[in-house]
Amino acid sequence: MIISVAPASQAAGPRFANLDPGGSPKLTEKVPVNVVFLGYSQAQVKRSAYLDELPKRYEPVVRSRLWYDEVEKLGLTYTYDYHLKYADRRYTDRFFRELTRLATPAPLTVYQDLYNEQTGKVTTITDNHHIDAPSVERWLALNPPAGVDTRRNTIFFINWFGRSDFKFHVYTKTNEPDPDTGYNFGAERDSRKISAWGGTTADDEENGLGSTRRIWFHDLSAGPESWTENWNVDDPDLDGNGVEDYRMPPVWEYAANGYRSPAALASDLGLITRYVALNLLFTTSPLYPAELPTATPPESINLDSNVYEGWSGVDASATYVDEQLLQRELKELRWRNVLDYDSQDLPFEGEARRCYFALMDDDESCYPELGYEPFANFYLQNTFELDRVLDDRDRVDYEMPIFSYALPAGTPVPALGFADDNYTDGTQSYVFAFVSPDIVAAGYGLTTTLIHEVGHHLGMSHPHDGYDSETGVDYGPADEFFFAWSGDQVNSMMSYIDLNWDFSQFDRDNSDRFLTAAYNDAANQLAGAVLDGDRPGRAHGKLRQADLLLGAAQRALSAHDYRRALTLAEQAYGKVVEAAEQTGVSADVVTEAMAAQAKQARMTSELTGTHEFIDTLGPDSPRSKP
């Protein structure tokens, strides 16, 4: 982070209302959050107890910098404007009539059977019904209660239990099989029968809502289900580490003889709102910097795919990568960039093979003299051989290195994929993915893994882990935050749920916000360099134009028009670039200074341990459950 004091040249220059030469962005948004209680009475969910759990504000940070003990804020501050509504009887009856219409009789899931085996259960599940989750989302989005605008972030907390028309049920999504293997997780796996859903975009290819809506519904009267392990009401500590794995049981377990006291229901719904809906869906922090490591914010990005072809008789790059789907989904997230794709096959031999098995067979570094941990083998080997794959650097602004490993049956793999950092300061480096007969048998090719991991590289976090701004805690779905797994039940490619291959509306909103702040920051830093230059007077006109554009970007952000905010911030940066050209200042000057600082940090700091997000298919992963 650059912290500067304006020199005399800046002090004597023009004053700006929005542009802050050499400073950080100061963008603000008052975020509306609607909360609709559907089937919950005010006696069950007391307003004060619910609100007591909610935050007042949020400042996103770059989460990867936290691994290096650096808190890098984006220059965004959200305050929350909560609107609570307890749906009236007329609307509630109407909604549950729709659920009844959508409900189809179905066998009990594995996890409902497991619940029935619990010694501490308060009821027995006797039947089950499937309800299409996208249909419920669409109905809620287009038929909200009076006074609720579902164009703004809206949570529907649903409770069907206790009504005469109640049916035991789970939600399903079954219309997006894996594009490479055809395996339909939603249809084939009981672990993909869910209790929450939302985030579908207007133009989603399978379930588009037709207009932009921002809803997420959560139903404790559904299930019990696998993803949050709320079928287990006998064992508070699931992993035996001495800490309760806090999860929200089925709603009927909030009883005097149940898993949790009825008085805890309001605060539990508050915890879901704060630590899932707000922190992980609506207003998140980026995993990596949204601004890619380039001299200037890139307009064109090349997805440079390289496949180590070690699976005999199979051309994995042709068989397990759908390049059109990959580009289409990523373009929907980074819609201001020009994306293209190229691929080459590499032999799985030499250093690539040696470093792979040094880790997988021996847990050893293949370059021990460098002092890196074994997991850095992938990063180091590909760094040393990077020139053989990067061949578009003169054609595009940013060439993203992607390395996939196609391996024979029985070969151990470290993950489905991961988005690595640079082991220095938390800057993103390369994307890695893996495929083998065993992975294909589990239902996966490479395409969806690559969409997910490139999403990380572009800054997106999982919807099951994130940062809480007011407490400064970065958390994942374990121990007191185990219930964060419920965030995966959303129409986001960043989820582990494997029911869709799209970025959610929440993903798009957050990406646009992050980039708005990034362009604002880039404009500020370059403006500082311009005013410190030899001919700052020549730049004043362009800088005033940039100042006006940044003011318009702030107004667009305040109006929750994130696409327009990003467009205006990008235009503001363009005006500062024009100012730099007029004064003979290179637009690269700020990045060059930051690169020098990073080089110095590499020379003076110790190497760090593994921090990259490893998207596992191990036996303990929820993805591996039947």
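The structure we're discussing is the one just above.
Everything in this summary refers to the structure shown in the same document. Computed from a prediction, not measured in an experiment: that's the story for all the values here. (Residues numbered from 1 in each chain as written. Predicted model: local features only at pLDDT ≥ 70, side-chain atom pairs only at ≥ 80, totals over all residues. Heavy atoms only, no water.)

**With respect to the overall build of the chain**
What counts is decided by this rule: The helix and strand labels rest on DSSP assignments: H or I over at least four residues marks a helix, E over at least two residues marks a strand, and numbering proceeds from the N terminus. Only C-alpha atoms enter the radius of gyration; for comparison, a globular chain is expected to reach 2.2 Å times N to the power 0.38, where N is the number of residues. Using a 1.4 Å probe on the protein chains alone, a residue whose accessible area is under 20% of its type maximum counts as buried, one over 50% counts as exposed, and one in between counts as partly exposed. Residue contacts are defined here by distance: any two heavy atoms, one from each residue, within 4.5 Å place the two residues in contact. Methods summary: accessible areas were calculated by the Shrake-Rupley approach with a probe of 1.4 Å, and residue burial reflects only the protein chains presented. By the counting rule applied here, Lys and Arg register as positive and Asp and Glu as negative, while His and the ends of each chain are not counted. Each charge is placed at NZ for Lys, CZ for Arg, CG for Asp and CD for Glu.
The helix and strand inventory of the chain stands at 18 helices and 17 strands. For 626 residues, the compact-globule estimate of 2.2 N^0.38 gives 25 Å, and the chain sits close to it at 25 Å. Taken over 626 residues, the chain has a buried fraction of 61%. Long-range contacts, defined here as pairs at least 24 residues apart, represent 77% of the contacts in the chain between residues at least 6 apart. Counting only carbon and sulfur atoms, one obtains 48% of the accessible surface of the chain, whose full area is about 23300 Å². Seen as two clouds, the 54 positive and the 97 negative side-chain charges of the chain have centres 11 Å apart.

**As for the environment of Gly410**
With respect to the secondary-structure elements, Gly410 resides in the loop between strand 12 (398–406) and strand 13 (417–421). Expressed as a C-alpha distance, the spacing of Gly410 and Pro437, which sit 27 residues apart in the sequence, is 8.1 Å.

**Notes on the sheet that holds strand 1 (residues 27–38)**
The following threshold applies: A pair of strands is considered paired only if DSSP assigns at least 2 bridges between the two. For helices, the axis comes from a line fit to the C-alpha atoms of the stretch in contact; other axes are also lines fit to C-alpha atoms, and the angle between any two N-to-C directions lies between 0 and 180 degrees.
Strand order across the open sheet formed by six strands is 2-3-1-6-9-8, with mixed pairing between neighbours. Lying at the two open borders of the sheet, with one neighbouring strand each, are strand 2 (57–58) and strand 8 (196–198). Where strand 6 (residues 153–158) meets strand 9 (residues 215–219), five bridges bridge the pair, whose relative direction is parallel. By the bridge assignment, Phe156 is partnered in strand 9 with Phe217. The sheet strands contacting helix 4 (residues 89–102) are strand 1 and strand 6, and the helix crosses strand 1 at an angle near 80 degrees.

**Here we look at the pairing of strand 10 (residues 300–309)**
Among the ten residues in strand 10, ten count as buried, and that is most of the element. Pairing analysis gives ten bridges linking strand 10 to strand 11 (residues 338–347), with the strands arranged parallel. Each residue of the ladder has a partner; that of Leu303, found in strand 11, is Tyr341. Here nine bridges tie strand 10 to strand 12, and the two strands are oriented parallel to one another. Opposite Ser305, over in strand 12, you have Ile402 as the bridge partner.

**Considering the packing of helix 15 (residues 505–531) against helix 17 (residues 562–583)**
Our working rule: For classification, angles of less than 35 degrees are called roughly parallel, those exceeding 145 degrees roughly antiparallel, those between 65 and 115 degrees roughly perpendicular, and all remaining angles oblique. What makes a crossing left-handed is the near helix being turned counterclockwise from the far one by less than a right angle; a clockwise turn instead makes it right-handed.
Remark: helix 15 packs on helix 17, axes separated minimally by 8 Å, with the N-to-C direction vectors making an angle of 20 degrees. Taken together, the axes of helix 15 and helix 17 lie roughly parallel to each other. Remark: the crossing between helix 15 and helix 17 carries left-handed chirality. Between helix 15 and helix 17, the contacting residues are Asp509, Asp512, Arg513, Leu515, Thr516, Tyr519, Ala522, Ala523, Leu526, Ala527 and Val530 on the first element and Tyr562, Arg563, Ala565, Leu566, Ala569, Glu570, Tyr573, Val576, Val577, Ala579, Ala580 and Thr583 on the second.

**Notes on the side chain of Asn116**
In this fold, Asn116 is placed in helix 5 (residues 110–116). The residues touching Asn116, leaving out its near neighbours within four places in the chain, are Leu108, Lys121, Thr124 and Ile125.

**So, the nonpolar core**
Test applied: Think of a nonpolar core as a cluster: buried Ala, Val, Leu, Ile, Met, Phe, Trp, Tyr and Cys residues, connected wherever their side-chain atoms sit within 4.5 Å.
Ranked by size, the top nonpolar core spans 124 residues in total, and within it Phe37, Tyr50, Leu140, Tyr171, Trp216 and Leu269 carry the most contacts. Apart from the residues within four sequence positions on either side, Leu269 is in contact with Phe37, Tyr40, Val45, Tyr50, Phe157 and Leu220.

**Some remarks on unusual backbone geometry**
A cis geometry characterises the amide bond from Gly223 onward to Pro224, with omega recorded as 0 degrees. As for its placement among the helices and strands, Pro224 is situated in the loop between strand 9 and helix 8 (265–282). If you check the backbone angles, Asp69 has positive phi at about 60 degrees while not being a glycine. Position of Asp69 among the secondary structure elements: in the loop between helix 3 (63–66) and strand 3 (76–86). In the Ramachandran plot, Glu229 falls in the positive-phi region, its phi being about 55 degrees despite a non-glycine side chain. Following the sequence through the fold, Glu229 ends up in the loop between strand 9 and helix 8. A relative accessible area of 14% means that Glu229 is categorised as buried.

**With respect to the pattern of salt bridges**
For the record, the criterion: Whenever Lys or Arg places a side-chain nitrogen within 4 Å of a carboxyl oxygen from Asp or Glu, that contact is recorded as a salt bridge.
For the structure on display, the rule yields 32 salt bridges. A salt bridge links Arg623 to Asp498; its shortest N-O distance comes to 3.2 Å. Taken together, the residues Arg623 in the segment after strand 17 (613–615) and Asp498 in the loop between strand 16 (473–475) and helix 15 connect sequence positions 125 residues apart. Each member of the pair, Arg623 as well as Asp498, is classed as buried. Via salt bridges that share partners, Arg89, Asp93, Arg163 and Asp165 belong to a single interconnected network.

**Some details on the sheet that holds strand 5 (residues 128–132)**
An order of 4-5-7 is seen for the three strands of this open sheet, with the pairing classed as mixed. For this open sheet the edge positions go to strand 4 (104–106) and strand 7 (170–172), each flanked by a neighbour on one side alone. Here the strands of the sheet are splayed against their neighbours by 45 degrees on average, with no regard to which way each runs. Of the strand pairs in this sheet, strand 5 and strand 7 are connected by three bridges, and their pairing is parallel. By the bridge assignment, His130 is partnered in strand 7 with Val170. Together, strand 5 and strand 7 form the strand contacts of helix 6 (residues 133–142), whose direction differs from that of strand 5 by roughly 60 degrees.

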